[in-house]
Amino acid sequence: MRAIRLNAENYGPRTTLGGGEVRDVMPWPDAVAYVMEGDTLEEHGRFGILYHLSEDCPRCGDDSPDRWKAHVDWLGSSLEEAFGDGVTVVE
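Residues numbered from 1 in each chain as written. Predicted model: local features only at pLDDT ≥ 70, side-chain atom pairs only at ≥ 80, totals over all residues. Heavy atoms only, no water.

**Student:** Whenever I open this one, the sheet that holds strand 6 (residues 68–76) confuses me. Can you help?
**Tutor:** In a beta sheet, neighbouring strands pair by backbone hydrogen bonds and run either parallel or antiparallel. Strand order in this open sheet of four strands is 1-4-5-6, and the pairing throughout is antiparallel. With one partner strand each, in any of the chains shown, strand 1 (2–4) and strand 6 form the two edges of the open sheet. Pairwise comparison of adjacent strand axes, ignoring direction, gives a mean angle of 45° for this sheet. Bridge count between strand 1 and strand 4 (residues 31–36): three bridges; the pairing is antiparallel. By the bridge assignment for strand 4, Ala3 is matched with Val35. (Pairing = 2+ DSSP bridges. Helix = DSSP H or I, 4+ residues; strand = E, 2+ residues; numbered from the N terminus. Axes fitted to C-alpha atoms, helices over the stretch in contact; angles between N-to-C directions.)

Take a look at the structure:
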């Protein structure tokens, strides 16, 4: 599995310290990246969205560090099926 960068329309906007706007924020809570199975676009598996979800640890007590688990929401085996028409991978 590897992270991929899609065209800007697939990200939410944020304002930079200089006052400019960039689109690089995942538009869903807890989502951290778009991902694909495989190493190349020619030989890929599925496309999806990677989430880091907090995990409760009742035995750990209040002094425990935050615990996270990774979850991938697999959306389909083609870019269009997973993310809609007009989507391209830029990285």
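**Student:** What should I look at first to understand the side chain of Asn10 in this one?
**Tutor:** Relative to the helices and strands, Asn10 resides in the loop between strand 1 and strand 2 (12–15). Classification of Asn10 by relative accessible area gives buried; the value is 14%. Ignoring any residue separated from it by four or fewer positions in sequence, one finds Asn10 in contact with Pro27, Tyr34, Phe83 and Val87. (Buried < 20%, exposed > 50% of the residue type's maximum accessible area, 1.4 Å probe, protein only. Contact = heavy atoms within 4.5 Å.)

**Student:** I would appreciate a short explanation of the pattern of salt bridges in the present structure.
**Tutor:** Oppositely charged side chains are able to pair whenever their charged atoms sit close together. Inspection of the entire model under this criterion finds two salt bridges. For Arg14, the salt bridge is made with Asp24, and the minimal N-O distance between the two is 2.8 Å. A residue pair is termed long-range when its members are at least 10 positions apart, and Arg14 in strand 2 and Asp24 in strand 3 (residues 21–25) qualify at 10 residues. Taking the relative accessible area as the measure of exposure, Arg14 reaches 39% and is therefore partly exposed. Ionic pairing is found between Arg46 and Glu37, a salt bridge with its closest N-O pair at 3.0 Å. Judged by its relative accessible area of 36%, Arg46 falls in the partly exposed class. (Salt bridge = Lys/Arg side-chain N within 4 Å of Asp/Glu carboxyl O.)

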